[in-house]
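So you can see what is in the structure, the chains are spelled out below.
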There are 2 protein chains.
Amino acid sequence: MVTDLDDGTFDFCETLTDAQDALAREMLERASAKWPLRVMHILAKAKGPLRFSRVLERVEGISQKVLTQTLRTLESDGLVTRTLYPQVPPRVEYELTPLGGELLVEVVALWQWIANRLPDFEAARAQSPRATDAAKR
Amino acid sequence: MVTDLDDGTFDFCETLTDAQDALAREMLERASAKWPLRVMHILAKAKGPLRFSRVLERVEGISQKVLTQTLRTLESDGLVTRTLYPQVPPRVEYELTPLGGELLVEVVALWQWIANRLPDFEAARAQSPRATDAAKR
DNA sequence: CTGAATCCCACCTGATACTG
DNA sequence: CAGTATCAGGTGGGATTCAG
């Protein structure tokens with residue numbers, strides 16, 4: 001028995017076109033993904049533009065290639081701005097857009113909710129590394 | 001410039017151990033992923049137990065293998081219960097747990113937020129299929 | 001400094017076939 | 001009915017090298 005959910009709580013998506021629904025799902029998945037989330041997080045904490053190298057340093061474990069890909073995607077989704085200063089050596093700065101900042105706030109809210117329930121998830125995992133056959137008798 | 005964020009808004013994660021942080025990120029990513037989200041959505045709308053075949057029918061485009069995997073993962077995360085009735089032919093029912101229902105509500109909230117901003121995302125994509133070189137002069 | 005280009009591999013996905 | 005087994009294909013991501 002699910003918690004007391006209103007009818008229609010989960011029907012909103014049916015008011016979207018297939019294309020819109022797909023786009024919304026895609027954005028949801030991207031914003032929750034490992035690297036984009038970490039990168040947005042770093043940019044948010046910086047509270048201002050950050051050079052490529054700085055981001056690379058601060059996002060632990062990311063490779064330069066993946067960081068480039070991630071930033072490009074974030075840029076084309078309007079979550080991050082990329083500003084190129086045509087100098088030599090080149091300088092490029094990335095900054096979270098207002099839209100990106102707002103999205104991050106929302107994602108972090110969900111993250112926090114999950115973090116608060118961590119004991120539940122840890123418990124579930126602990127007791128079911130092999131939780132087959134629930135109804136044995 | 002990011003929207004007006006408090007200092008510390010994004011620092012909560014630093015109060016977690018690495019393992020906890022990793023688990024929270026993992027759950028976030030899973031709950032937002034394509035198939036788990038769709039499956040939870042179907043189970044929520046069903047408002048009760050659903051047999052494997054029913055889920056398979058209702059989650060459009062999923063293969064039975066992936067559905068099995070998805071359900072197993074959801075089960076081991078405590079989001080779904082699996083009840084086997086040892087009959088012949090076998091009958092297995094899946095149902096969203098309270099925890100799963102709550103998590104789904106949170107994810108859907110984020111999803112809705114994104115859906116409301118779809119025009120922004122569509123606009124961003126439209127103007128930057130090749131949005132290189134922002135600062136040209 | 002900021003990438004682009006290559007190579008490469010592990011993993012995941014999905015289709016198909018088989019089974020208790 | 002509800003899976004498991006197997007295999008092929010695509011994808012993500014790391015390491016390395018080259019370039020403007």
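How each quantity is defined
Residues numbered from 1 in each chain as written. Chains lettered and ligands numbered in written order. Predicted model: local features only at pLDDT ≥ 70, side-chain atom pairs only at ≥ 80, totals over all residues. Heavy atoms only, no water. Contact = heavy atoms within 4.5 Å. Buried area = accessible area lost by both parts, 1.4 Å probe. Salt bridge = Lys/Arg side-chain N within 4 Å of Asp/Glu carboxyl O. Helix = DSSP H or I, 4+ residues; strand = E, 2+ residues; numbered from the N terminus. Nonpolar A, V, L, I, M, F, W, Y, C, P; charged D, E, K, R; others polar. Phe/Tyr/Trp six-rings, centres within 6.5 Å; stacked < 30°, edge-to-face > 60°. Lys NZ or Arg CZ within 6 Å of the ring centre and 35° of its normal. UniProt positions renumbered as here; feature names shortened; annotations may be inferred. Near = heavy atom within 4 Å. Polar contact = N/O pair within 3.5 Å; in protein donor to acceptor, adjacent residues only side chain to side chain. Pairing = 2+ DSSP bridges. Buried < 20%, exposed > 50% of the residue type's maximum accessible area, 1.4 Å probe, protein only. Axes fitted to C-alpha atoms, helices over the stretch in contact; angles between N-to-C directions. Parallel < 35°, antiparallel > 145°, perpendicular 65-115°, else oblique.

## What to know about the interface of chain A and chain B
- Every contact between the two is made by 70 residues of chain A and, on the other side, 70 residues of chain B.
- Among the residues chain A hides against chain B, the three largest losses belong to Phe10, Trp111 and Arg125 of chain A. Together they make up 10% of the total.
- For the pair chain A and chain B, the interface holds six salt bridges.
- For the salt bridge of Arg125 of chain B with Asp77 of chain A, the shortest nitrogen-to-oxygen distance reads 3.0 Å.
- For the side of chain A that touches chain B, the elements supplying multiple residues, two or more each, are helix H1 (18-32), helix H2 (34-46), helix H4 (64-76), strand S2 (80-85), strand S3 (91-96), helix H5 (98-116) and helix H6 (118-127) of chain A.
- Tallied by class, residues from the side of chain A that touches chain B come to 36 nonpolar, ten polar and 24 charged.

## Things to note about the packing of aromatic side chains
- Within the structure shown, the criterion is met by two aromatic pairs over all chains.
- Plain terms: the ring middles of Phe52 of chain B and Tyr94 of chain B are 6.5 Å apart, the flat faces sit at 55° to each other, and that makes the pair tilted. Of this pair, Phe52 of chain B sits in helix H3 (residues 52-58) while Tyr94 of chain B is found in strand S3 (residues 91-96), placing the two residues 42 residues apart along the sequence.
- One cation-aromatic arrangement involves Arg91 of chain A over Tyr85 of chain A; the distance from NZ or CZ to the ring centre is 4.5 Å.

## A short note on the UniProt feature "domain: HTH hxlR-type" (unreviewed entry) in chain A
- With numbering aligned to this structure, UniProt lists the feature "domain: HTH hxlR-type" (unreviewed entry) at residues 13-122 of chain A.
- Span residues 13-122 of chain A is 65% helix and 13% strand, its end C-alpha atoms 31 Å apart.

## Some thoughts on the protein's contact with DNA strand C
- Taken together, 19 residues are adjacent to DNA strand C, and Ser53, Arg72, Arg82 and Tyr94 of chain A together with Lys65 of chain B come closest.
- Backbone atoms, meaning sugar and phosphate, form 53% of the atoms of DNA strand C found within 4 Å of the protein.
- Between DNA strand C and Arg72 of chain A, the relevant distance is 2.8 Å, taken from a phosphate oxygen to a side-chain nitrogen or oxygen of the residue.
- Interatomic distance of 2.6 Å between a side-chain N/O atom of Tyr94 of chain A and a phosphate oxygen of DNA strand C.
- For the surface near DNA strand C, the secondary structure elements donating two or more residues are helix H3 (52-58), H4 and S3 of chain A together with helix H4 (64-76) of chain B.

## Some thoughts on the sheet that holds S3 of chain A
Residue and element names in this part refer to chain A.
- Spatially, the three strands line up as an open sheet ordered S1-S3-S2, and their pairing is antiparallel. Since the sheet does not close on itself, it has two edges, and those belong to strand S1 (50-51) and S2, each with one partner.
- Of the pairings in the sheet, the one linking S1 to S3 comprises two bridges and is antiparallel in character. Among the inter-strand pairings, Leu50 is bridged to a residue of S3, identified as Tyr94.

## Side note on the environment of Leu79 of chain A
- The residue Leu79 of chain A is located in the loop between H4 and S2 in this model.
- Judged by its relative accessible area of 2%, Leu79 of chain A is buried.
- Residues Leu79 of chain A and Gly101 of chain A, spaced 22 residues apart in sequence, show a C-alpha to C-alpha distance of 7.6 Å.
- Other than its neighbours up to four places away in sequence, Leu79 of chain A contacts Met27, Met40, Leu74, Glu95, Leu96, Thr97, Leu99, Gly100 and Leu103 of chain A together with Phe121 of chain B.

## Topic: the packing of H6 of chain A against helix H1 (residues 18-32) of chain B
- Running from amino to carboxyl end, H6 of chain A crosses H1 of chain B at an angle of 85°, the nearest separation of the two axes being 11 Å. Relative to H1 of chain B, the element H6 of chain A lies roughly perpendicular. Across from Leu118, Phe121, Glu122 and Arg125 of chain A in H6 of chain A, the residues of H1 of chain B making contact are Gln20, Leu23, Ala24, Glu26, Met27 and Arg30 of chain B.
- Tallied by class, residues from the contact of H6 of chain A with H1 of chain B come to five nonpolar, one polar and four charged.

## Some remarks on the environment of Asp77 of chain B
- Checked against the element boundaries, Asp77 of chain B lands in the loop between H4 and strand S2 (80-85).
- Accessibility expressed as a relative area gives 2% for Asp77 of chain B, which makes it buried.
- In sequence terms Asp77 of chain B and Ala22 of chain B are 55 residues apart; their C-alpha atoms lie 14 Å from each other.
- Among residues more than four places away in sequence, those in contact with Asp77 of chain B are Phe121, Ala124 and Arg125 of chain A together with Met27, Arg30 and Leu99 of chain B.

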